[in-house]
Amino acid sequence: TRRVRTRDLLAAKERGERWPMLTAYDQYTAAIFDQAGIPVLLVGDSAANNVFGHETTLPVTVDEMLSLVRAVVRATRHSLVVADLPFGSYEEGPTQALRTAVRFMKEGGCHAVKLEGGRRYAAQVEAITGAGIPVMAHVGFTPQREHTIGGYRVQGRGEAGDEVLADARAVAEAGAFAVVLEMVPGEVAKRVTSTLTIPTVGIGAGPDTDAQVLVWQDMAGLRGGKAPRFVKRYADLAGVLTDATRRFADEVRAGEFPAAEHTF
Ligand code: KIV
Ligand code: NA
């Protein structure tokens, strides 16, 4: 089967079909998600945290992102690959945003880009989509603004629900093919989803969005520690890998590995 297209995602919304999305940052996991039928993979700037070990998403660079994007694109056949424009690579204006998006398409080989922001960055969305590059927008809680927002906080409670709707509307009107709603009340996400004709992708936004996204290391339990409330762990990869590592180490220390069958 062919690569998923943005129009397939619009058609899914029209049919009332939900779809899953995951982050991906390297070839083996991307190939697994591709073969397991995840239609959209996001090379998120959450690589800053989940790959490079930073505390926030802010430090990751365009060049670091491009290496990951190339790996994910090379490893997949079916999934539509979306790449996050990192902090600092689009805020200056539509010209900078388009220049960065073009680099991701040419040098990364991805099929769409994503940026954070609603009304504030609608001009960027318009410039990029105007050049024929599909854009996924991201509203509600936007991690690149965490120092302004004051940490990971639910956005759009009470009256502020209208702000989230206005942001989502603005990027849809500017040409975005989908919009991520992060950490907004379920009722707000439901209202945005029924108002817009483009798909909404929820993370911490309740069950009524058109799609759901999680960081794969959260989904598969590779990341230890306390997960945010919106995360569900579908496996304990940290436990599996710890166990394998201990057994390998024990067998080396005991002289049991390598055995005859591993030896030339
Ligand atoms: O970078 C990321 O992982 C994201 C998703 C969580 C939407 O932006
Ligand atoms: Na992101």
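A quick note: this is a predicted structure, and the numbers were derived from the prediction, not measured.

What about the nonpolar core?
Formed by 73 residues in total, the largest nonpolar core has its most connected members in Val 43, Val 72, Val 113, Val 171, Ala 176 and Val 179. Here this core gets six residues from one element, more than from any other, and that element is helix α4 (residues 62-75). Aside from chain neighbours lying at most four places away, what touches Val 171 is Gly 118, Ala 122, Val 125, Ala 137, Val 139, Ala 176 and Val 179.

Examining the pairing of strand β6 (residues 178-182)
Across the five residues of β6, five count as buried, placing the element largely inside the fold. Every second residue of β6 is oriented toward a common face, with Ala 178, Val 180 and Glu 182 on one face and Val 179 and Leu 181 on the other, all of them buried. Bridge count between strand β5 (residues 135-140) and β6: five bridges; the pairing is parallel. Residue pairing for β6: Ala 137 is matched across the bridge by Val 179. Note: β6 against strand β7 (residues 200-203), four bridges, orientation parallel. When the sheet's bridge partners are listed, Val 180 is paired in β7 with Val 201. Between the parallel pair β6 and β7, the chain is carried across by helix α9 (residues 186-195), and the sense of this crossover is right-handed.

Focus on the UniProt feature "active site" (unreviewed entry) in the chain
Those places that UniProt annotates as "active site" (unreviewed entry) correspond, in this numbering, to Glu 182. With 22 C-beta atoms packed within 10 Å, Glu 182 lands in the buried category.

Cut-offs used in this document
- Residue numbers run consecutively from 1 along every chain, following the written order of its sequence.
- For this description, chains carry letters from A and ligands carry numbers from 1, given in the order in which they are written.
- Residue-level local features of this predicted model are given only where pLDDT is at least 70; pairs of side-chain atoms are given and counted only at 80 or more, and the full residue set underlies all totals for whole chains, interfaces and linings.
- To count as a nonpolar core, a set of buried Ala, Val, Leu, Ile, Met, Phe, Trp, Tyr and Cys residues must be joined through C-beta atoms within 7 Å.
- Residues with at least 20 other C-beta atoms within 10 Å of their own are called buried, those with 12 or fewer are called exposed, and the rest are partly exposed. The C-beta atoms themselves are positioned from the backbone.
- Each helix corresponds to a stretch of at least 4 residues labelled H or I by DSSP, and each strand to a stretch of at least 2 residues labelled E; elements are numbered beginning at the N terminus.
- Residues are defined as contacting one another if the C-beta atoms placed from their backbone atoms lie within 7 Å.
- In short, DSSP must find at least two bridges between two strands for them to pair.
- For a crossover, the right-handed case is the one in which the path from the first strand over the helix to the second runs clockwise, viewed with the strands pointing away from the viewer.
- UniProt positions are given in the numbering used here, feature names are shortened, and annotations may be inferred rather than shown by experiment.

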